[in-house]
Amino acid sequence: MEELDRNERKGQGTFYMIIAMLTLVVAIVGATFAYFSLQASDENTVKGNAAKVGLSLEVRKVSVDATGDLVPLDELLLEKAIEGDTETSNQMCVDKNGNTVCQVYEVKVTNEGTAATAVNGSLTLTAETITNLKWQIMTDQDTPVTDSGQFKTTDDTEIAKNDTIEANPGSKTYYIMIWIDEIESDQNDSDTGAFTGVVSFTSADGSGVTGTFSEG
């Protein structure tokens, strides 16, 4: 009877050992399968580089011959002011008496990144002692807008909204004309002094650049 018990316990031990070995084999095979599955999955992963967006900004004065302090300009004479006075050979923004009647600036924003981007642009004009300062976005360097509904004041800031600039070397150029509006009365006390402009552009990803100019 004792011998029978020994044989039974021995048989049970053998059985448990076989179960343990099978369990280990299944675990190893399962782990190996998971490993190879992971490797195969990785081979099919799409890989690449994230597009980068970078902006640069250049603000340049175009009316280089208009070096004096601004004097008021009738809005009906905007085109003539840009042409300059042909009789006296005066240049852009200089009238027949040699007075500076406007300023024109070129604003060039360049996308140096690898993807096209939409940009927003603004101009903040500070002119504490110039009440009737106005500005506009010109059609091009030589063509001012004559519709008074498109004239802007120091309360306005928008140059561009969601303008798309293609990838490097994409760029876009804006021309800004600034003048003191003639109100047909004495403006000596309301429109003298200096002004400063801050141009800012931001891209869809939040990156931004700024440029400044000042007169007076």
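Fair warning: this is a prediction, and the values are worked out from it, not measured in the lab. (Residues numbered from 1 in each chain as written. Predicted model: local features only at pLDDT ≥ 70, side-chain atom pairs only at ≥ 80, totals over all residues. Heavy atoms only, no water.)

Once that is clear, we can look at the sheet that holds strand E6 (residues 158-165). Read from one edge of the open sheet, four strands run E6-E3-E8-E9, paired in antiparallel fashion. Every other strand in the sheet has two partners, leaving E6 and strand E9 (208-215) as the edge strands with one partner each. Each strand of the sheet is rotated relative to its neighbour by a mean of 15 degrees, with strand direction disregarded. Where strand E3 (residues 117-126) meets strand E8 (residues 195-203), eight bridges bridge the pair, whose relative direction is antiparallel. What sits directly across from Thr124, in E8, is Val198. (Pairing = 2+ DSSP bridges. Helix = DSSP H or I, 4+ residues; strand = E, 2+ residues; numbered from the N terminus. Axes fitted to C-alpha atoms, helices over the stretch in contact; angles between N-to-C directions.)

If you look at the biggest cluster of nonpolar residues, it comprises 24 residues, and the most contacted ones within it are Leu133, Ile159, Ile178, Phe195 and Phe201. Among the elements that line this core, the one with the most residues is strand E7 (residues 170-180), at four residues. Leave out the neighbours within four places in its chain, and Ile178 touches Cys102, Gln103, Tyr105, Leu125, Leu133, Lys134, Trp135, Phe195 and Phe213. Ranked by size, the runner-up nonpolar core spans 17 residues in total, among them Val62, Ala81, Tyr175 and Met177. (Core = buried A, V, L, I, M, F, W, Y, C linked by side-chain atoms within 4.5 Å. Buried < 20%, exposed > 50% of the residue type's maximum accessible area, 1.4 Å probe, protein only. Contact = heavy atoms within 4.5 Å.)

Geometry only, nothing functional implied.
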